[in-house]
Amino acid sequence: MDRDSRVSITVIRRLPKYYRYLGDLLNKGINRISSQELSKMTGFTASQIRQDLNNFGGFGQQGYGYNVEELHNQLAKILGLETIYKAVIAGAGNLGQAIANYKGFEDAGFKVLSLFDKNPKLIGLRIRDIEIRDVDTMVDFIKENNVDIGIITSPKDNAQEIADAFIKAGVKGIWNFAPIDLNVPEDMIVENVRLNESLFTLSYFLKDRYAEI
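Here the structure is a predicted model, which means the values were calculated and not measured. (Residues numbered from 1 in each chain as written. Predicted model: local features only at pLDDT ≥ 70, side-chain atom pairs only at ≥ 80, totals over all residues. Heavy atoms only, no water.)

### Regarding the packing of aromatic side chains
Taken as a whole and judged by the stated rule, the model has seven aromatic pairs. A centroid spacing of 5.6 Å and a plane angle of 85 degrees characterise the contact between Tyr18 and Phe44, whose relative ring orientation is edge-to-face. Taken together, the residues Tyr18 in helix H1 (residues 9–27) and Phe44 in the loop between helix H2 (35–42) and helix H3 (46–54) connect sequence positions 26 residues apart. Look at Tyr18 and you get buried, because its relative accessible area is 1%. In this structure, Arg14 packs its charged tip against the face of Phe44, placed 5.6 Å from the ring centre. A cation over an aromatic ring shows up here: Lys17 above the ring of Phe44, its NZ or CZ 5.0 Å from the ring centre. (Phe/Tyr/Trp six-rings, centres within 6.5 Å; stacked < 30°, edge-to-face > 60°. Helix = DSSP H or I, 4+ residues; strand = E, 2+ residues; numbered from the N terminus. Buried < 20%, exposed > 50% of the residue type's maximum accessible area, 1.4 Å probe, protein only. Lys NZ or Arg CZ within 6 Å of the ring centre and 35° of its normal.)

### Re the UniProt feature "binding site: NAD(+)" (unreviewed entry) in the protein
In this structure's numbering, the residues bearing the UniProt feature "binding site: NAD(+)" (unreviewed entry) are Gly91, Ala92, Gly93, Asn94, Leu95 and Gly96. Tracing the backbone shows Asn94 in helix H5 (residues 94–101). Since its relative accessible area comes to 73%, Asn94 is described here as exposed. Within the fold, Gly96 resides in helix H5. On the basis of relative accessibility, which here comes to 0%, the residue Gly96 falls in the buried class. Filtering out sequence-adjacent residues up to four positions away, Gly96 remains in contact with Ile89, Gly91, Leu115 and Thr153. (UniProt positions renumbered as here; feature names shortened; annotations may be inferred. Contact = heavy atoms within 4.5 Å.)

Next up, the structure:
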């Protein structure tokens, strides 16, 4: 089920939240839910939920609601979670190691094959049985293993060079944690994770709420 290019990125970013809550419902043995009930869980309006899901086909029935398992499975297909994606991490510092250690990625179909770093003290170490290799071998490793996703957790000074190496090696997408806007071809899929910007947003709301208390 391919996404219609007219579906906004805002809608796409809400889908993982629906998927997560539906998974929670399945774990509790709940088989059916209405858009109103899902609204209370997610914080989105019932109308917004119906509009979002209608972008991908009709999943609910009036007077019945949504079949939780069916909708969960359909969202998994829409999000591409039925596919196993092979990934590598460039930057084996604290953040890179934390990502490699997180079993949830593997449970969702993202398999980290290796970490790469230039620090000789790290090369050869294993994180949850995932080896840290010399970054100079990264391009060949990606090509030999048909890696889909390159994850950047290096300092920003090295991020563009790593992105260039990922593109040269043939990755299909980049997950970028470095605080820098990458210069990549238009057809390269990049998802930026701005940890500092998220923290700054939190700081703003804290200041706004508590500044005068």
